[in-house]
Amino acid sequence: MQFAHFDIDQFLRNHWQKRPLLIRNPWNDWQNPLEPDELAGLACEEGIESRLIVRDGDALKMESGPLPEARFGELGKEAWTLLVQAVDHTVPDVAALIEPFRFVPDWRIDDVMVSYATNGGGVGPHYDQYDVFLVQGLGRRRWRVGPVCNAQTPLLPHEDLRLLPDFEATDEWVLEPGDILYVPPGFAHDGVAVGDDCMTYSVGFRAPSRAELVEGWADHQVDRMAEDDRYADPDLAAQPHPGEITAASLDRLHAMVLESLSNRADFARWFGTFNSQPKYAEADWRPEDLATPETVQDSLAQGIPLLCNPASRFAFIRQATGGITLFADGQSFDCTGETADLAMQICANATLEADPALAASSSAVELLVTLINQGSLAFDDGEED
Ligand code: SIN
Ligand code: CO
């Protein structure tokens, strides 16, 4: 799926993380990638995160999935909406929706959530912490957007939903199939289905919070610290007031903390592994028969294409030495030469044809064996797991 018209540079300059944008059908030939029935099927599956939100007079009631199949038959005239998280992990045509948005780096991508709603259905006015492209797949939806909210914005008391009580929109549009609404973090928004069979694909991004970064990085460093690495004051001089923690002591204590968190190279490796941890562990591609250097060499030599697990996260950083470090599902791999080229190809493509000559590269073969056995990659030999 590609855009026929969409000015990326202009979008990044004027809208990304700044203000909402309605993009009227920019696709070459928009095709709704998933049938409502298939979405309902996913909501019944164990290990897939889903929610059903049913209107009850003025209120909204939420049920968490997996839903019993019979639940859909029980739904009456009240408007409802079904939301399924990370559909891109299981449906390749939905994963393909991310492709045109890859002007935003992969490490910022969260997932594609898909919603289905009957006339009047929606999740209510709210704001999200993340950037989202709301792609109208099927049917029509009225979106109302604005103003900007933050942690001080009051919310309605609700057990499950973070709803805004006095939502007054600044803009309003009805989206038709193929139209896209971009909403930056914090902007209030409310989408209500206009007519039945309304499907919306939320291509969502993520941004780590400062708290997550500090907690994760500090935890990682703490694990590597020795018990006897302590504050020391062999230069202690008698101080006038025994109750005072002096500025000099505080400087030394503060420096102990900052120094242990400041190593840029260690931080880069930690962040790559932290950020590439998979969101859901269920889409497990680990093979029953483990790959070996011989099986990988064989498949490479035969030119069998490689598939990336759509639930896996891949990213890389460049090293000053010329090599790269590949991150895949929370693991890191230092790569040079043809193995670095292969790793970058893996980061760029959901399916790839590796050079058969790589069968002769022990480091490339070793990387593939590890990635296949940890479930991040598979040779597409036509066999279903
Ligand atoms: C929806 O698809 O109904 C909700 C998407 C959103 O508001 O983030
Ligand atoms: Co939202």
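Analysis parameters
- Residues numbered from 1 in each chain as written.
- Chains lettered and ligands numbered in written order.
- Predicted model: local features only at pLDDT ≥ 70, side-chain atom pairs only at ≥ 80, totals over all residues.
- Heavy atoms only, no water.
- Near = heavy atom within 4 Å.
- Polar contact = N/O pair within 3.5 Å; in protein donor to acceptor, adjacent residues only side chain to side chain.
- Areas by Shrake-Rupley, 256 points an atom, 1.4 Å probe, with all protein chains shown as cover.
- Helix = DSSP H or I, 4+ residues; strand = E, 2+ residues; numbered from the N terminus.
- Nonpolar A, V, L, I, M, F, W, Y, C, P; charged D, E, K, R; others polar.
- Donors = N, O, S within 2.8 Å, 3.2 Å for Na, K, Ca; no water.
- Buried < 20%, exposed > 50% of the residue type's maximum accessible area, 1.4 Å probe, protein only.
- Pairing = 2+ DSSP bridges.
- Phe/Tyr/Trp six-rings, centres within 6.5 Å; stacked < 30°, edge-to-face > 60°.
- Contact = heavy atoms within 4.5 Å.
- Domains from an automatic or database assignment.
- Buried area = accessible area lost by both parts, 1.4 Å probe.
- Salt bridge = Lys/Arg side-chain N within 4 Å of Asp/Glu carboxyl O.

**A few points about the site of ligand 1**
- Surveying the vicinity of ligand 1 reveals the residues Leu83, Met113, Ser115, His126, Asp128, Leu134, Arg141, Trp143, His189, Thr200 and Ser202.
- Side-chain polar atom of Arg141 to an oxygen atom of ligand 1: 3.4 Å apart, as the coordinates give it.
- Protein contact buries 95% of the 260 Å² of open area that ligand 1 shows by itself.
- Of all elements in the fold, only strand E5 (109-117), strand E6 (132-148) and strand E9 (187-205) reach the threshold of two or more residues within the shell around ligand 1.
- Residues of the shell around ligand 1, tallied by class, amount to four nonpolar, five polar and two charged.

**Let's talk about the coordination of the cobalt ion (ligand 2)**
- Here the cobalt ion (ligand 2) is held by His126 (NE2), Asp128 (OD) and His189 (NE2), and the distances to it run 2.0 to 2.1 Å.
- Of note, the cobalt ion (ligand 2) draws all its donor residues from one chain, in the sequence arrangement H-x1-D-x60-H. Of this pair, His126 sits in the loop between E5 and E6 while His189 sits in strand E9, and the two are 63 residues apart along the sequence. Just as His126 is buried, His189 falls in that class too.

**A word on the sheet that holds strand E14 (residues 351-352)**
- Taken in spatial order, the three strands line up as E14-E10-E15 in an open sheet, and their pairing is antiparallel. Of all strands in the sheet, those with a lone pairing partner are E14 and strand E15 (377-379), marking the two edges.
- With two bridges connecting them, strand E10 (residues 306-308) and E14 associate as antiparallel partners. Each residue of the ladder has a partner; that of Leu307, found in E14, is Thr351.

**Quick notes on the packing of aromatic side chains**
- Counted by the stated rule, this structure contains 27 aromatic pairs.
- Here the aromatic rings of Trp16 and Tyr182 are separated by 5.8 Å at their centres, their planes lie at 25 degrees, and the arrangement is stacked. Here Trp16, found in the loop between helix H1 (8-14) and strand E1 (21-23), pairs with Tyr182, found in strand E8 (residues 180-183); they are 166 residues apart in sequence, far enough to count as distant. Each member of the pair, Trp16 as well as Tyr182, carries the same accessibility label: buried.

**What about the pairing of E8?**
- Of the two faces of E8, the one carrying Ile180 and Tyr182 and the one carrying Leu181 and Val183 are both buried.
- When E1 meets E8, the two strands line up antiparallel, connected through three bridges. Paired with Ile23 across the strands is Ile180, a residue of E8.
- Bridging between E6 and E8 involves four bridges; their strand directions are antiparallel. Note on E8: the bridge partner recorded for Val135 is Ile180.

**So, the side chain of Ser249**
- Relative to the helices and strands, Ser249 is located in helix H6 (residues 247-260).
- For Ser249, a relative accessible area of 17% gives the class buried.
- Side chain to side chain, Ser249 and Thr246 meet in a polar contact 2.8 Å long.

**Quick notes on the side chain of Ser202**
- Here Ser202 shows up in strand E9.
- A relative accessible area of 10% places Ser202 in the buried class.
- In this view, Ser202 contacts Asp111, Val112, Met113, Val132, Phe133 and Leu134; residues no more than four positions away in its chain are not counted.

**Observations concerning the domain arrangement of the protein chain**
- According to the domain assignment, the protein chain contains domain 1 (8-205), domain 2 (209-222 + 253-267) and domain 3 (293-379).
- Taking the mean C-alpha position of each, domain 1 and domain 3 sit 34 Å from one another.
- Surface buried jointly by domain 1 and domain 3 totals about 480 Å² across both partners, of which 35% is contributed by carbon and sulfur atoms.
- Per-residue buried area on domain 1 facing domain 3 is highest for His89, Arg102 and Asp106; these three make up 63% of the total on that side.
- At the boundary of domain 1 with domain 3, the tally comes to zero salt bridges.

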